[in-house]
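Residue-level structure breakdown
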Amino acid sequence: MAERLVEASRQRRVKVMTAAAGSAGRVAVPLLLCTLLVPSRTYVLDDSDGLGREFDGIGAVSGGGPYFGASLHILKVEIGGDGQTTDGTEPSHMHYALDENYYRGYEWWLMKEAKKRNPNITLIGLPWSFPGWLGKGFNWPYINLQLTAYYIVTWIMGAKHYHDLDIDYVGIWNERSYDTNYIKVLRKMLNYQGLHRVKIIASDNLWEPISASMLLDADLLKAIDVIGAHYPGTHSIRDAKLTAKKLWASEDFSTLNSDMGAGCWGRILNQNYVNGYMTSTIAWNLVASYYEQLPYGRCSLMTAQEPWSGHYEVASPVWVTAHTTQFTQPGWYYLKTVGHLEKGGSYVALTDGLGNLTIIIETMSHKHSMCIRPYLPYFNVSQQFATFVLKGSFSEIQELQVWYTKLGNPSERFLFKQLDSLWLLDSGGIFTLELQEDELFTITTLTTGLKGSYPLPPKSRPFPSTYRDDFNVDYPYFSEAPNFADQTGVFEYFMNIEDTGEHRFTLRQVLNQRPVTWAADASNTISIIGDYTWTNLTIMCDVYIETPDTGGVFIAGRVNKGGIWIRSARGIFFWIFANGSYRVTGDLAGWIIYALGRVEVTAKKWYTLTLTIKGRLASGMLNGKFLWTDIPVNFPKNGWAAIGTYSFEFAQFDNFHVDAAH
């Protein structure tokens, strides 16, 4: 018998290595059927003593699509609040108290696209910032609890009424203070509107103090359904567990989508449950669709940051995601028998309670799985043999599918490769795996796994060196113009009903007060566009100041910062003001003044500004005539083009043109 097992093992080893290797070369992934052959540690997978916690799914802050690639279970979107939220601003559905518009921004479109791909995807809404009218002059959303709750509930109801989208969960205030009374008011208002099914996550920050608050307040405990923590380092705390609530890593990852990022993601997807009993992990973010030089460029599961070329990259974290998402669903349960491997790594197992079993094994090394945060204490992973014994209702399983990923060395690298299935007919539910560093296995009864194929993406191209936009869009599909990235303020397509001429359709900055901010928004509004490497360029734009006396607008080049760093942006900024003055500054804040003077400018009139930057000199024109020339500009050497306003004020822009070809 021993000879027969050895021969069977040898044949299977050859078959599996052949299946895995393909054209890339040999990979040693022997799947052995008998523990007699090698020394190994045994891990029992058993449901005889009941099951662990219910699995709630894997998601991202934007995503979706079943049995193809990432196959996410959860899409978490920002409830736009007009403020800077890391890489730009997202418009609110209520800029002003009596204003409601449920077609602004891209989140509605994104949720509908996700639902097309996965009708069962879970939808979560969370505010980062709030429109200024809710703060009543303070940078605080809890001035009027009922008003803020009403604002959030209108977003949920608008999602259903205008887009037929059912929001499943709603959060409080991303990574900022919570108010216990507000949470209770929000719960009551949801119930009053018949939205009992919408559950509350709190507090999208740390485990404390929300966990202790819940243990001390029975009404708060009842109002909150999920404790969501950000970047928990795979660990939860005693108080959180004592609440008996679901525990989620409601934001995690945010790491460069290299193989290092894939290793980080693979490790935490398992260990968030093994170490911290977290039943959902949500990545920030799904798709890097923002200029790469903004904060956290490519910190996503995949990259699509060139709408002008259509180029995209399906990065390795997508296929690491698939190891879990394609073979589980929310409503499955973890087994109690999960844990760490003897020589490093971890394993989890989940079941649907109907006979299906999925096992995910990861051996990510410390060197190749460091997330951007928090600090990762050193650990060691080395080659090992692991024997798994199926017991309880799983003891009769006869066949298991095998999916495999190997990160790291390109000659040994495989992403989501299907290997030969495991037959357990004569093994008594026992199989052994040889595990190396930086590997990921999914062993499952499900046969629905698929590594989706897709056409070769268009080639990557830089942003066009000559670019024009006259904003002449009668019925825009999106509220914002393509390629402009608002960094403070909100710039939207606008129609001047009374203007039947050249400026009937424009781009308008629509905020008239500072929002309740999440980040350090600038005091000025600004939208950037173009190629960060641009050095020599000419920017021309028609501008219209709407605010008499105090209003002002600018065009700019070589803008070197955005996102959460926008307040400190440098560049060459050419301003005109309604009080009849102009200014040239080396920064957005206006501290570095290159030139200033008087000019015939007033509000409620169109002007054409032209800014030319070449080498170390810059010049500016008003209505085709030089206003200032050959001002020395030594820093920065490159950056984006931009438009904006002096304060949170209404202003319009038209016939934007940039030429960086010279």
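Just so it is clear, the structure is predicted and the values come from calculations on it, not from any experiment. (Residues numbered from 1 in each chain as written. Predicted model: local features only at pLDDT ≥ 70, side-chain atom pairs only at ≥ 80, totals over all residues. Heavy atoms only, no water.)

**Quick look at the nonpolar core**
Within the largest apolar cluster, 131 residues are counted, with the highest numbers of intra-cluster contacts made by Ile 183, Leu 186, Ile 576 and Phe 656. Of all the elements, helix α3 (residues 145-163) adds the most residues to this core, at eight residues. Among residues more than four places away in sequence, those in contact with Ile 576 are Val 543, Ile 545, Gly 552, Val 553, Ser 581, Tyr 582, Val 601, Tyr 607 and Leu 609. Listed in part, the 36 residues of the second largest apolar core include Ile 268, Val 274, Leu 350 and Leu 415. (Core = buried A, V, L, I, M, F, W, Y, C linked by side-chain atoms within 4.5 Å. Buried < 20%, exposed > 50% of the residue type's maximum accessible area, 1.4 Å probe, protein only. Helix = DSSP H or I, 4+ residues; strand = E, 2+ residues; numbered from the N terminus. Contact = heavy atoms within 4.5 Å.)

**A short note on a nonpolar patch on the surface**
A surface patch of nonpolar side chains, about 430 Å² in accessible area, is lined by Tyr 106, Trp 109, Tyr 477 and Phe 478. Tracing the chain through its elements places Tyr 477 in the loop between β24 (466-469) and β25 (485-488). On the accessibility criterion, Tyr 477 (64% relative accessible area) is exposed. (Patch = residues over 30% accessible without salt bridge, like charges linked within 9 Å, V, L, I, M, F, W, Y side chains within 5 Å. Areas by Shrake-Rupley, 256 points an atom, 1.4 Å probe, with all protein chains shown as cover. Salt bridge = Lys/Arg side-chain N within 4 Å of Asp/Glu carboxyl O.)

**Some details on the UniProt feature "domain: Glycosyl hydrolase family 59 C-terminal lectin" (unreviewed entry) in the protein**
Mapped onto this numbering, the UniProt entry annotates "domain: Glycosyl hydrolase family 59 C-terminal lectin" (unreviewed entry) at residues 486-660. In the segment residues 486-660, helix accounts for 0% and strand for 54%; the C-alpha atoms at its two ends are 21 Å apart. (UniProt positions renumbered as here; feature names shortened; annotations may be inferred.)

**With respect to the environment of Lys 561**
Within the element layout of this structure, Lys 561 appears in the loop between β30 (552-559) and β31 (570-577). The partly exposed category is assigned to Lys 561, whose relative accessible area is 33%. Separated by 29 residues in the primary sequence, Lys 561 and Tyr 532 place their C-alpha atoms 9.5 Å from one another. Not counting chain neighbours up to four residues away, the residues in contact with Lys 561 comprise Ile 566, Ser 568, Ala 569 and Trp 640. Here the side chain of Lys 561 touches Ser 568 through a polar contact of 3.3 Å, side chain to side chain. (Polar contact = N/O pair within 3.5 Å; in protein donor to acceptor, adjacent residues only side chain to side chain.)

**Re the UniProt feature "domain: Glycosyl hydrolase family 59 central" (unreviewed entry) in the protein**
With numbering aligned to this structure, UniProt lists the feature "domain: Glycosyl hydrolase family 59 central" (unreviewed entry) at residues 334-449. Between the C-alpha atoms that bound residues 334-449 there is a distance of 20 Å. The span itself is 0% helix and 46% strand.

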